[in-house]
Amino acid sequence: MGKNKKSGKSMSKKQIIEILENFFSNEPNRTFNLKEIFRILKFNTHPLKMLAIDAMDNMSYNDYLTKVNDTSYKLNQNSQVQEGTFVRKANGKNSFIPDEGEQPVFVSERNSLFAMGGDRVKVSIMARRPNRIKEAQVIEILQRTKDTFVGKLKIGKDFSYLVTPQTIFSNDIIIPKGKLKEGKTNDKAIVKITQWPDSSHKNPVGEVVDVLGPTGDNNAEMNSILVQYGLPYIYPKPVESAADKISGEILPVDLKEREDYRKVWTCTIDPKDAKDFDDALSFRKIKDGLYEVGVHIADVSHFVKEGDIIDREAQKRSTSVYLVDRTIPMLPERLCNFLCSLRPDEEKFTYSVIFELDDEANIKKYHIAHTIIKSDRRFCYEEVQQLLEDNGVIDSTGQPAPPAPADGYKGQFANQIISLDRLAKKLRAKRFREGSVKFDTEELHFDIDETGKPIRCYYKHSKDANKLVEEFMLLANKSVAESVGKVSKGKKAKTFPYRIHDNPDPTKFETLKDFVVKFGYRMKSSSTKGATARSLNKLMDDVEDKPEGKLIQTIALRSMMKAKYSIHNIGHFGLGFEYYTHFTSPIRRYPDLLVHRLLTRYANDGRSANEKHYEDLCEHCSDMEIIAQNAERDSIKYKMVEFMGEHLGEQYDAHISGITSYGIYAEINENHCEGMIPMRDLDDDYYDFDEKNFCLIGRHHHHKYQLGDPVHIQVAQANLEKKQLDFLLLSNKENKKGKEKEQVERSYSKKKNDRTNRKYYQDNDKKKRKHSGK
């Protein structure tokens with residue numbers, strides 16, 4: 001690798017480009033950041049560094065280099081023809097994302113070959129015209145992302161068609177008359193493509209597979225959301241039939257193979273509307289200062305065998321999906337709500353982690369075992385919360401109940417619940433001391449009537465009862481992961497699915513550090529996970545109950561990476577755990593079922609599982625989790641718009657919850673519904689988007705809109721089709737009037753000053769002439 005000998009002297013841009021060309025050509029496969037480039041090439045002065053950055057930007061623009069991110073470059077070895085993913089945009093500004101993960105390339109509509117979002121395509125990179133952006137032309141569609149779509153039917157005299165969301169197709173899907181399946185105009189329908197667009201036919205042609213119902217009907221709309229994301233809305237009959245044939249009978253051989261916990265006090269604690277109870281807690285005092293806590297999880301693996309028809313369907317789904325008004329289960333109802341569900345007073349098969357804990361919740365020992373339990377009581381969170389508060393617990397203080405009075409604690413099973421709460425609070429405090437990040441998030445919930453119509457919208461906070469259960473589930477997941485992942489030095493751990501969470505995005509974390517300075521907070525630079533977590537936790541403590549607290553937490557959350565599944569363990573940053581997995585919800589998550597099976601296999605001295613097979617399963621489960629979350633968000637958006645549709649024209653106090661280049665998102669303080677104030681309505685100035693500081697700044701009047709700012713809005717439009725709320729910013733109109741008044745007053749003042757100044761100079765001139773005798 002040639003080093004720069006002229007770096008101490010001034011150089012021309014041409015010389016620097018030559019040096020950089022040699023440098024990158026010698027290391028064609030490496031990515032270098034700016035610090036490495038400056039150090040290796042000895043660009044020590046500020047002018048040289050600036051000239052080098054300018055040169056690399058030009059080389060990137062001319063496709064000699066690839067700009068990997070804002071501070072890193074590599075030699076561009078891509079050919080003119082590349083493969084990747086097509087991204088369709090409603091505004092026609094489509095893009096192509098190369099498989100190598102490089103920057104997206106613009107694809108105009110005329111060069112899209114009618115590709116749709118998510119299609120795998122082959123493109124040709126077009127020769128770049130001077131001062132124009134890089135463009136690509138789709139030359140082949142390698143794989144369609146899907147061939148079934150949901151939309152609204154329009155039936156005319158001559159032809160019928162399906163109107164899909166704007167981002168799917170540039171043209172509607174034509175449906176021949178005999179392929180409508182009795183669908184009517186404005187029905188929501190599922191259509192399968194039978195003929196894709198080509199140079200001769202711009203419209204795709206399809207046939208109706210199923211009619212979901214009239215537009216606006218609750219079932220039709222919720223099922224449409226599922227179909228849109230490729231999620232099933234009905235359970236296959238053959239799978240349900242297979243589940244119906246499973247016997248739930250407990251045989252003597254089953255009892256011999258399991259530890260018997262039927263006589264140990266056990267309970268479930270779940271939401272009041274839950275039907276599937278997949279976790280239970282048992283408690284008993286061993287002796288003074290020592291307690292046994294069992295975390296018992298529904299043993300789905302006893303009923304669902306690898307590769308059978310139920311397993312194949314569960315694997316495909318990977319997760320239960322939770323829309324506002326319904327659950328689309330991963331398993332057939334007979335399994336999730338009956339055979340596997342840990343219902344009270346019924347003997348159930350479980351897979352358990354049994355802990356012995358002292359008064360400080362230190363683990364003295366634990367073991368993992370197949371068990372059989374019998375739940376003594378089904379609690380809902382509200383009941384447990386009331387029991388705790390009735391016995392002196394003050395929510396969210398982290399303090400357990402005071403010592404029992406002479407007549408004992410109030411409530412059925414109060415001693416067991418209060419003991420579990422005390423231990424959970426010890427575990428929670430210890431977890432935060434050791435590096436867990438303190439993010440207390442809120443969940444938006446709706447109360448709905450029997451037709452699915454929302455009648456109330458509110459945030460649900462996690463209380464002590466929720467945290468009690470959460471803490472023991474976290475402990476079980478962590479312990480199970482350690483039981484497989486932690487091995488002696490020199491040994492290789494067996495294949496296992498972990499739940500991993502990477503460190504925060506460095507660029508976003510730096511943005512957060514710079515942003516909080518404006519509010520008087522400082523975050524230390526940190527190079528380790530623990531130090532970063534401690535820095536975040538101190539910030540969360542400092543901003544708690546402050547006006548800017550929610551705003552700063554929102555931006556801190558945006559700096560976090562997404563958790564996912566992988567056999568390659570890197571730890572879990574958010575929880576501060578070196579080993580973590582998902583073991584506690586096999587009824588609703590497929591990775592938990594995988595974990596149960598592998599635990600059984602390894603307990604019987606089985607060989608390590610195939611790495612590639614399990615990593616593929618982990619990737620599939622991670623992808624399906626994101627899809628399910630997106631469907632859930634869409635159902636929330638739909639209900640939000642439906643709810644606010646009854647309040648058109650009404651005014652509310654709100655705060656700015658999002659800033660984009662195309663407008664402002666505002667959240668109503670009263671009910672937490674979020675809507676958009678389009679940029680076109682901010683007509684009092686020309687606004688620039690400051691992405692780093694999360695604000696819009698007016699060029700002329702310098703008015704600033706920033707995350708968290710209070711605003712007063714009016715509900716202007718509720719578009720159910722687009723799941724979109726539009727707000728009118730009333731405070732902006734008031735600001736506009738105020739500015740107009742200010743401008744008039746300023747203009748008047750200027751004129752007045754001009755007259756005053758003119759008189760002053762005229763009087764001065766008279767005095768000068770008088771004294772000079774002129």
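Everything discussed here concerns the structure shown above.
Cut-offs and rules
Residues numbered from 1 in each chain as written. Predicted model: local features only at pLDDT ≥ 70, side-chain atom pairs only at ≥ 80, totals over all residues. Heavy atoms only, no water. Helix = DSSP H or I, 4+ residues; strand = E, 2+ residues; numbered from the N terminus. Expected span 1.5 Å × (residues − 1). Buried < 20%, exposed > 50% of the residue type's maximum accessible area, 1.4 Å probe, protein only. Pairing = 2+ DSSP bridges. Axes fitted to C-alpha atoms, helices over the stretch in contact; angles between N-to-C directions. Contact = heavy atoms within 4.5 Å. Polar contact = N/O pair within 3.5 Å; in protein donor to acceptor, adjacent residues only side chain to side chain. Parallel < 35°, antiparallel > 145°, perpendicular 65-115°, else oblique. Left-handed = near helix turned anticlockwise from the far one by under 90°. Nonpolar A, V, L, I, M, F, W, Y, C, P; charged D, E, K, R; others polar. Phe/Tyr/Trp six-rings, centres within 6.5 Å; stacked < 30°, edge-to-face > 60°.

(A) Structural detail: helix 10 (residues 414-433). For helix 10, spanning 20 residues, the distance from its first C-alpha to its last is 29 Å, which sits close to the expected 28 Å at 1.5 Å a residue. Extensive coverage of helix 10 is indicated by the burial of 14 of its 20 residues. In the stretch just after helix 10, glycine 435 is the one whose phi turns positive, near 125°.

(B) The arrangement of the sheet that holds strand 30 (residues 687-690) in detail. The three strands lie next to each other as 30-31-32, forming an open sheet whose pairing is antiparallel. Among the strands making up the open sheet, the edge pair consists of strand 30 and strand 32 (704-706). Geometrically, the sheet is characterised by an average inter-axis angle of 20° between neighbouring strands, direction not taken into account. Here three bridges tie strand 31 (residues 695-698) to strand 32, and the two strands are oriented antiparallel to one another. In the strand pairing of strand 32, cysteine 695 is matched with glutamine 706.

(C) Region of the structure containing the pairing of strand 30. With four bridges joining them, strand 30 and strand 31 adopt antiparallel strand pairing. When the bridges of strand 31 are listed, tyrosine 687 appears paired with glycine 698.

(D) Examining the sheet that holds strand 6 (residues 105-107) more closely. An order of 6-5-4-7-8 is seen for the five strands of this open sheet, with the pairing classed as antiparallel. Among the strands making up the open sheet, the edge pair consists of strand 6 and strand 8 (136-143). Averaged over all adjacent pairs, the angle separating strand axes in this sheet is 45°, with direction ignored.

(E) The arrangement of the environment of proline 232 in detail. With respect to the secondary-structure elements, proline 232 resides in the loop between helix 4 (218-228) and helix 5 (237-244). Counting along the chain gives 85 residues from proline 232 to arginine 317, while the straight-line C-alpha distance between them is 8.0 Å. Filtering out sequence-adjacent residues up to four positions away, proline 232 remains in contact with Leu226, Arg317 and Ile328.

(F) Local environment of the side chain of aspartate 592. Note on placement: aspartate 592 falls in helix 15 (residues 590-603). Within polar-contact distance, the side chain of aspartate 592 engages the backbone nitrogen of phenylalanine 583 at 3.3 Å. Every residue in contact with aspartate 592, bar those within four places of it in the chain, is listed here: His582, Phe583, Thr584, Ser585 and Pro586.

(G) Local environment of the packing of helix 12 (residues 506-517) against helix 14 (residues 549-558). Viewed as axis vectors pointing N to C, helix 12 and helix 14 meet at an angle of 160°, and their least axial separation amounts to 9 Å. Compared by their axis directions, helix 12 and helix 14 come out roughly antiparallel. Read as a crossing pair, helix 12 and helix 14 show a hand that is left-handed. In this structure, helix 12 uses Lys508, Leu512, Phe515 and Val516 to contact helix 14, whose residues at the interface are Leu551, Ile552, Ile555, Ala556 and Arg558. Across the contact of helix 12 with helix 14, the residue classes break down as seven nonpolar, no polar and two charged.

(H) Layout of the packing of aromatic side chains. Here the structure, examined in full by the defined rule, presents 15 aromatic pairs. Judged by centre distance (6.5 Å) and plane angle (85°), the rings of phenylalanine 149 and tryptophan 196 are edge-to-face. Remark: tryptophan 196 occurs in the loop between strand 12 (187-195) and strand 13 (205-214) and phenylalanine 149 occurs in strand 9 (residues 148-155); sequence separation between them is 47 residues. Given the relative accessible area of 1%, phenylalanine 149 is considered buried. With 5.6 Å between their ring centres and 70° between their planes, phenylalanine 496 and tyrosine 498 make a pair best called edge-to-face.

(I) Quick peek at the side chain of threonine 268. Along the chain, threonine 268 falls in strand 15 (residues 266-270). Excluding residues that lie within four positions of it along the chain, threonine 268 makes contacts with Phe277, Asp279, Ala280, Leu342, Ser375, Arg377, Arg378 and Phe379.

(J) Just the environment of leucine 420, in detail. Within the secondary structure, leucine 420 is located in helix 10. Owing to a relative accessible area of 0%, leucine 420 belongs among the buried residues under this scheme. The residues contacting leucine 420, other than those within four sequence positions of it, are Trp265, Leu281, Phe283, Val293, Leu468 and Phe472.

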